[in-house]
Amino acid sequence: MTADTPTEVLLHEISGLFARRGREMYAGEPITQTEHALQAALLAEENGADAALVTAAFLHDVGHLLHDLDEDCAEEGIDDKHEALGAEWLSRHFGADVVEPVRLHVAAKRYLCAVDEQYFAQLSDASRLSLSLQGGPFTTAQTRKFEEHPSFVAAIKLRRWDEQARIPQLPTPPLEHYLDCARTVLTRRAESPQST
Ligand code: FE
């Protein structure tokens with residue numbers, strides 16, 4: 001594959017985003033954006049996720065790297081809507097199997113807070129603060145509707161990995177490993193564009 005294919009251009013762009021913004025802290029947590037992304041992707045891999053869901057885990061917070069809001073904007077009462085921004089950006093190249101879990105990872109938190117007391121109890125302070133800005137736990141009607149979404153299961157899995165991926169100093173594979181995983185997904189899609 002040559003360096004100027006759309007896939008390689010995108011991977012270069014992703015790697016550039018992490019190079020420029022990845023050392024910023026993940027809001028309110030003792031880890032960087034890059035560490036958080038790598039830990040989420042590693043958890044996906046360890047739990048047997050396919051390449052698309054590992055890629056979604058790796059890139060679920062790419063929206064944070066795309067906007068210019070302060071990393072602590074939640075403390076100022078601002079919802080950065082990073083899930084929508086990230087999903088829109090990813091949808092230029094990836095299918096629903098990557099884009100939808102990313103788009104839904106905040107909705108999945110609102111869902112889990114409504115149905116799982118233990119999940120709610122283990123939320124970090126930062127996650128609890130952003131939850132209130134994101135609309136709080138779902139109502140019963142909202143939980144039923146969310147369960148019908150085709151990407152419901154993937155979104156819930158991603159959300160649980162997202163919540164766990166906040167461990168300082170945890171060893172992970174390097175960024176290149178997950179860029180390779182994204183390359184696999186993109187190459188497959190280029191070869192059969194009708195798939196998700
Ligand atoms: Fe996250």
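Source: prediction; values computed, not measured.

Further remarks concern the overall build of the chain. Along the backbone of the chain there are 12 helices and 0 strands. Along the chain direction, N to C, the helices and strands of the chain fall in the order α-α-α-α-α-α-α-α-α-α-α-α. In terms of overall size, the chain behaves like a compact globule, its C-alpha atoms giving a radius of gyration of 16 Å where 196 residues would be expected to give roughly 16 Å. When its C-alpha atoms are laid out on the principal axes, the chain stretches across 50 × 35 × 30 Å. Looking at the 196 residues of the chain, the share that counts as buried comes to 50%. Contacts in the chain between residues far apart in sequence, at least 24 positions, make up 69% of those at least 6 positions apart. Summed over all atoms, the accessible surface of the chain reaches about 9,600 Å², with 54% contributed by carbon and sulfur. Both charge centroids of the chain, one from 18 positive and one from 32 negative side chains, sit 4 Å from each other.

Our focus in this paragraph is the coordination of the iron ion. Only Tyr 26 (OH), His 36 (NE2), His 60 (NE2), Asp 61 (OD) and Asp 162 (OD) from the protein reach the iron ion as donors, at distances of 2.1 to 2.5 Å. Between consecutive donor residues of the iron ion, the sequence gaps follow Y-x9-H-x23-H-D-x100-D. Taken together, the positions of Tyr 26 in the loop between helix H1 (6-21) and helix H2 (33-46) and His 36 in helix H2 put the pair 10 residues apart, joining distant regions of the chain. For the pair formed by Tyr 26 and His 36, the shared burial category is buried.

Okay, the packing of H2 against helix H12 (residues 175-191) next. Running from N to C, H2 and H12 cross one another at 60°; their axes reach a closest spacing of 10 Å. As the angle between them shows, H2 and H12 are arranged oblique. H2 and H12 meet at a crossing whose hand is left-handed. The segment H2 lies against H12, with Thr 34, Leu 38, Ala 41, Leu 42 and Glu 45 engaging Leu 175, His 177 and Tyr 178. Broken down by class, the residue content of the contact of H2 with H12 amounts to 5 nonpolar, 2 polar and 1 charged.

What counts and what doesn't
Residues numbered from 1 in each chain as written. Predicted model: local features only at pLDDT ≥ 70, side-chain atom pairs only at ≥ 80, totals over all residues. Heavy atoms only, no water. Helix = DSSP H or I, 4+ residues; strand = E, 2+ residues; numbered from the N terminus. Rg over C-alpha atoms; globule rule 2.2 N^0.38 Å. Buried < 20%, exposed > 50% of the residue type's maximum accessible area, 1.4 Å probe, protein only. Contact = heavy atoms within 4.5 Å. Areas by Shrake-Rupley, 256 points an atom, 1.4 Å probe, with all protein chains shown as cover. Lys, Arg positive; Asp, Glu negative; His and termini not counted. Charge placed at Lys NZ, Arg CZ, Asp CG, Glu CD. Donors = N, O, S within 2.8 Å, 3.2 Å for Na, K, Ca; no water. Axes fitted to C-alpha atoms, helices over the stretch in contact; angles between N-to-C directions. Parallel < 35°, antiparallel > 145°, perpendicular 65-115°, else oblique. Left-handed = near helix turned anticlockwise from the far one by under 90°. Nonpolar A, V, L, I, M, F, W, Y, C, P; charged D, E, K, R; others polar.

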